[in-house]
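Here is how the chains run, residue by residue.
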Amino acid sequence: GALAPIEEPPLPPAQRKKLDLRKTLFLLPNMITLSSIFCGFDSIRISASAHSDDDFYKASLLLVYALFFDMLDGRVARLTKTQSAFGLQIDSLADVISFGVAPAMMVYSWSLHQKGTLGLVVSFVFAAAGAVRLARFNVLSMGENGEPTTPPKYIVGLPVPGAAGILISIIVANHAVAGKLAGPEYVWAMIGLTLFLAFLQVSTIRFRSFKDMKLNWRSVGLVFFAVGSSVVVSVKTGPAFVLVWLLSFYIVIGVVETLVTIPARRRAARDAERREAWQIPSAP
């Protein structure tokens with residue numbers, strides 16, 4: 001008769017896969033980044049239909065939360081050693097939404113809409129400058145293999161969250177003074193400020209990253225000055241304006257340091273050109 005088919009022995013029960021802790025930790029900073037994107041998205045939603053100072057205050061607070069998540073995701077990635085090219089890209093995309101488009105939309109709906117098309121163009125310039133700034137940052141932050149490199153002591157151009165923080169803090173302060181800053185008498189000042197912040201983002205001015213800040217007399221003096229001046233600003237204008245002052249102080253530090261170091265950098269560039277022209281090797 002026909003041969004009976006040979007039955008294969010039953011497979012052993014599948015073993016449970018062990019939990020890959022590294023893959024789980026990889027999700028953590030990215031979930032924090034997605035939280036920042038949600039805050040930016042919801043802020044845009046509120047700004048698009050805002051009718052009162054309270055609405056803009058809510059939209060600005062959402063961006064404050066986005067700033068918190070933006071500071072947190074990078075630190076979590078470094079602590080868990082889960083930095084990656086993917087994390088760098090999604091962080092930049094989050095910044096475009098939460099600190100480029102969202103504050104541009106907010107400042108337009110809050111103040112710049114009073115100048116019609118001009119206000120719209122200025123708001124777009126701010127968002128576009130943020131996108132260009134982040135694209136340049138990504139190029140400078142990636143090594144030859146595409147992996148993120150160690151953050152440098154200085155970064156080129158004003159960081160996008162810093163530029164957005166100025167606009168956010170002004171709208172938060174506006175709520176503390178009963179909406180006085182949204183009046184037509186301040187529109188041109190806001191247009192000038194928005195354009196200036198856009199310029200700083202795409203400029204070659206170097207700003208400190210504070211990644212390797214060491215405890216010395218300069219850093220201690222800087223902290224004491226920041227705290228002391230913040231107290232003065234709080235007493236003279238109100239606590240709501242302290243963040244505006246601190247972020248403005250950060251910008252001033254970057255501009256002053258760049259202006260002071262320009263002569264030294266020019267001398268170094270001339271020396272390098274002379275060495276290259278005379279084929280003199282540089283010192284090791």
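If you're wondering where the values come from, they're calculated on a predicted model, not measured in any experiment. (Residues numbered from 1 in each chain as written. Predicted model: local features only at pLDDT ≥ 70, side-chain atom pairs only at ≥ 80, totals over all residues. Heavy atoms only, no water.)

Enquirer: Which parts of the structure should I look at to understand the packing of aromatic side chains?
Expert: Both the distance between ring centres and the angle between the ring planes are used here to describe each pair of aromatic rings. Tallied over the full model, the rule gives four aromatic pairs. On the basis of an interplanar angle of 35° and a centroid distance of 5.7 Å, the ring pair of F207 and Y250 is categorised as tilted. A residue pair is termed long-range when its members are at least 10 positions apart, and F207 in strand β2 (residues 206–208) and Y250 in helix α8 (residues 242–278) qualify at 43 residues. Given a relative accessible area of 0%, F207 falls into the buried group. Between W245 and F249 the ring centres are 5.5 Å apart and the planes differ by 25°, which places this aromatic pair in the stacked class. (Phe/Tyr/Trp six-rings, centres within 6.5 Å; stacked < 30°, edge-to-face > 60°. Helix = DSSP H or I, 4+ residues; strand = E, 2+ residues; numbered from the N terminus. Buried < 20%, exposed > 50% of the residue type's maximum accessible area, 1.4 Å probe, protein only.)

Enquirer: What exactly am I supposed to notice about the packing of helix α2 (residues 53–79) against helix α3 (residues 85–110) here?
Expert: For any two helices packed against each other, the geometry is given by the interaxial angle and the distance between the axes. Where α2 contacts α3, the axes come no closer than 11 Å and their chain directions differ by 160°. The orientation of α2 relative to α3 falls into the category roughly antiparallel. When you trace α2 past α3, the crossing you get is left-handed. Residues F56, A59, S60, L63, A66, L67, D70 and D73 of α2 form the contact with α3, whose own contacting residues are D91, D95, S98, F99, A102, P103, M106, S109 and W110. (Axes fitted to C-alpha atoms, helices over the stretch in contact; angles between N-to-C directions. Parallel < 35°, antiparallel > 145°, perpendicular 65-115°, else oblique. Left-handed = near helix turned anticlockwise from the far one by under 90°. Contact = heavy atoms within 4.5 Å.)

Enquirer: When you look at the pattern of salt bridges in this model, what are you seeing that I'm missing?
Expert: Any two side chains of opposite charge can pair, given that their charged atoms come close. With the rule as written, the count across this model stands at two salt bridges. The salt bridge involving D42 is made with R45; its shortest N-O contact spans 2.6 Å. Residue D42 and its partner R45 are located together in helix α1 (residues 21–48), separated by three residues, close to a single helical turn. Using a relative accessible area of 14% as the deciding quantity, one classes D42 as buried. Given a relative accessible area of 47%, R45 falls into the partly exposed group. For the salt bridge of E257 with R208, the shortest nitrogen-to-oxygen distance reads 2.9 Å. With E257 in helix α8 and R208 in strand β2, this pair connects stretches of sequence that are 49 residues apart. R208 gets classed as partly exposed once you look at its relative accessible area, which sits at 24%. (Salt bridge = Lys/Arg side-chain N within 4 Å of Asp/Glu carboxyl O.)

Enquirer: Would you mind going over the side chain of S169 with me for this structure?
Expert: Structurally, S169 can be placed in helix α5 (residues 160–176). Relative accessible area serves as the criterion here: at 1%, S169 is assigned to the buried category. Only 2.9 Å separates the side chain of S169 from the backbone oxygen of I166, close enough to count as a polar contact. (Polar contact = N/O pair within 3.5 Å; in protein donor to acceptor, adjacent residues only side chain to side chain.)

Enquirer: I keep staring at the packing of α3 against helix α4 (residues 117–141) and nothing clicks. Help me out?
Expert: It is at 9 Å that the axes of α3 and α4 come closest, and there the two elements cross at 165°. Relative to α4, α3 is oriented roughly antiparallel. Handedness of the crossing formed by α3 with α4: right-handed. Here L88, Q89, S92, D95, V96, F99, G100, V101, P103, A104, V107 and Y108 of α3 lie close against α4, whose contacting residues are G119, L120, S123, F126, A127, A131, L134, F137, N138 and S141.

Enquirer: Help me out: how do you make sense of the confidence of the model for the protein chain in this one?
Expert: In regions of low pLDDT, the predicted coordinates are not meant to be interpreted in detail. Across the protein chain, the average pLDDT comes to 83, with 82% of residues at 70 or higher. Summarising per-element confidence for the protein chain, the mean pLDDT is lowest in α8 (79) and highest in helix α6 (residues 187–202) (95). (pLDDT = per-residue confidence, 0-100.)

Enquirer: Explain the nonpolar core here, please?
Expert: Looking at soluble globular proteins, one finds that nonpolar side chains tend to be buried together. Core analysis: the biggest nonpolar cluster contains 42 residues, and W110, L158 and L197 have the highest contact counts within it. For this core, the secondary structure elements donating two or more residues are α1, α2, α3, α4, α5, α6 and α8. By residue number, the principal contributor to this core is α5, which donates eight residues. Apart from the residues lying within four places of it in its own chain, the contact partners of L158 are R133, A163, L197, L200, Q201, F207, Y250 and I251. (Core = buried A, V, L, I, M, F, W, Y, C linked by side-chain atoms within 4.5 Å.)

Enquirer: What is the right way to read unusual backbone geometry from this model?
Expert: In most cases, non-glycine residues show a negative phi, while peptide bonds are predominantly trans. In this model, A178 sits at a positive phi of 60°, which is unusual for a non-glycine residue. Relative to the elements of secondary structure, A178 occurs in the loop between α5 and α6.

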